[in-house]
Amino acid sequence: MQLYSFFNSSTSYRVRIALALKGLAFDTVPVNIRVGEHRAQPYVDEVNASAAVPAIVDGDFSLGQSLAILDYLDAKYPQTRLVPQDIEARARVLELAMLISCDIHPVNNLRILKYLQGPLGLSAEQKDAWYRHWVAEGMAGVERLLVRHGHGAWCFGDAPTLADVCLIPQIANAQRMGCDLLPYPRAMAVYDTAATHPAFVAAAPSRQPDYTA
């Protein structure tokens, strides 16, 4: 299996965590989104029609979009399931995962931030304020869900799920951007748990072959 990834992409980070949790071997193919390698025609034509990262190639099957990849991995390699089979537990995990992946991440990814500073002419300070605003909005919702329904060392229980796979990269990015995370103690407790888990450690941006400080 090949994973087309950028070390600082939170969506790539999600897939790296999942692959590590499931014990699946893969080769990393770096795609530098900072210089536009994800928009190169061979990559778009042959690997990922979305012109984004991540993408996986599993034999003769290729797939983009992190949530689709995570669902594919859970279906094909069901050891260490990311999404519980119990109906209510499944719904709760998906609720939190989608809050992060649909509400927080899309408005703060690199192409949005570049558009804010490029065509729209926002200053770096205004761009950073935008980022912090949407992190605060989203993380407040995450914290409420965890306080009401969370339990165990992870988001929902004593083993990581898709919720944790989405949460940890989001917090890592928020830290990198200087966001105040003190208002989210339950979420940060999960982050601290992940900091010592081998799969999450192996998937961290600083452990990737394309990492640059």
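Residues numbered from 1 in each chain as written. Predicted model: local features only at pLDDT ≥ 70, side-chain atom pairs only at ≥ 80, totals over all residues. Heavy atoms only, no water.

In the nomenclature of an unreviewed UniProt entry, the protein chain is known as Maleylacetoacetate isomerase of Pandoraea vervacti. Quoted verbatim from the Sequence similarities (unreviewed entry) heading of the UniProt record, the comment on the protein chain is "Belongs to the GST superfamily. Zeta family." (UniProt positions renumbered as here; feature names shortened; annotations may be inferred.)

Undergrad: I'm lost on helix α3 (residues 66–76) in this one. Help?
TA: It helps to recall that an α-helix has 3.6 residues per turn; residues three or four apart then point in one direction. Taken together, the buried positions of α3 are occupied by S66, I69, L70, Y72, L73 and D74. Those residues of α3 that are buried are in contact with α1 (10–21), β3 (55–58), β4 (61–64) and α7 (162–176). (Buried < 20%, exposed > 50% of the residue type's maximum accessible area, 1.4 Å probe, protein only. Helix = DSSP H or I, 4+ residues; strand = E, 2+ residues; numbered from the N terminus. Contact = heavy atoms within 4.5 Å.)

Undergrad: Would you mind showing me how to read the UniProt feature "domain: GST C-terminal" (unreviewed entry) in the protein chain here?
TA: In this structure's numbering, the residues bearing the UniProt feature "domain: GST C-terminal" (unreviewed entry) are residues 86–213. The distance separating the terminal C-alpha atoms of residues 86–213 is 42 Å; by composition the span is 65% helix and 0% strand.

Undergrad: When you look at the layout of surface pockets in this model, what are you seeing that I'm missing?
TA: One number sums up the size of the largest pocket: a volume of about 870 Å³. Contributing to the lining of the largest pocket are 35 residues, with T11, I33, H105, N109 and L110 lying nearest its centre. With four residues, the top contributor of residues to the lining of the largest pocket is helix α5 (residues 110–117). Grouping the amino acids of the lining of the largest pocket by side-chain chemistry returns 13 nonpolar, 16 polar and six charged. Roughly 220 Å³ of volume is contained in the second largest pocket. (1 Å grid on protein atoms, 1.4 Å probe; cavity = no way out; pocket = protein on both sides within 12 Å on 5 of 7 lines; lining within 4 Å. Points joined across faces, edges and corners; volume = space filled by probe spheres on them. Nonpolar A, V, L, I, M, F, W, Y, C, P; charged D, E, K, R; others polar.)

Undergrad: Looking at this structure, I do not really get the packing of aromatic side chains. What am I missing?
TA: Each pair of aromatic rings is reported with the distance of its centres and the angle of its planes. Under the defined criterion, the tally for this structure stands at six aromatic pairs. Taking the centre distance of 4.8 Å and the plane angle of 55 degrees together, the rings of F6 and F7 count as tilted. Exposure remark for F6: the relative accessible area of 5% places this residue in the buried category. Classification of F7 as buried rests on a relative accessible area of 1%. (Phe/Tyr/Trp six-rings, centres within 6.5 Å; stacked < 30°, edge-to-face > 60°.)

Undergrad: Sorry, what's going on with the UniProt feature "domain: GST N-terminal" (unreviewed entry) in the protein chain here?
TA: The UniProt entry lists residues 1–81 under the feature "domain: GST N-terminal" (unreviewed entry), expressed in the numbering used here. End-to-end, the C-alpha atoms of residues 1–81 are 19 Å apart, and along that stretch the chain is 36% helix and 20% strand.

Undergrad: Before we go on, may I ask you to explain the pairing of β4 in this structure?
TA: Judged from the four bridges that link them, β3 and β4 form a sheet pairing that is antiparallel. Within the sheet, the bridge partner assigned to V57 lies in β4 and is S62. Hairpin connection, β3 to β4: the antiparallel pair is bridged by two residues, and G59 has positive phi, about 70 degrees. (Pairing = 2+ DSSP bridges.)

Undergrad: What is the right way to look at the packing of α7 against helix α8 (residues 185–194) in this model?
TA: Any two packed helices are characterised by the angle at which their axes cross and by the distance between the axes. Where α7 contacts α8, the two axes come as close as 10 Å, and the packing angle between them is 100 degrees. One finds that α7 runs roughly perpendicular with respect to α8. Contact residues: α7 offers D164, L167, I168, I171, A172 and Q175, while α8 offers A187, M188, V190, Y191 and A194. Here the residues of the contact of α7 with α8 are counted per class, giving nine nonpolar, one polar and one charged. (Axes fitted to C-alpha atoms, helices over the stretch in contact; angles between N-to-C directions. Parallel < 35°, antiparallel > 145°, perpendicular 65-115°, else oblique.)

Undergrad: Please clarify how the pairing of β3 should be interpreted in this entry.
TA: Successive side chains on a regular strand alternate, one facing one side of the sheet and the next facing the other. Both faces of β3 are covered, namely the face carrying A55 and V57 and the face carrying I56 and D58. Note: strand β1 (residues 2–5) against β3, three bridges, orientation antiparallel. Directly across from L3, in β3, lies its bridge partner I56.

Undergrad: What is the right way to read the environment of L99 from this model?
TA: Tracing the sequence through the fold places L99 in helix α4 (residues 87–104). In this structure L99 comes out as buried when scored by relative accessible area, which is 15%. Remark: the alpha-carbon pair of L99 and A163, spanning 64 residues in sequence, is separated by 9.5 Å. Not counting residues up to four positions away in its chain, the partners in contact with L99 are I104, G138, G141, V142 and L145.

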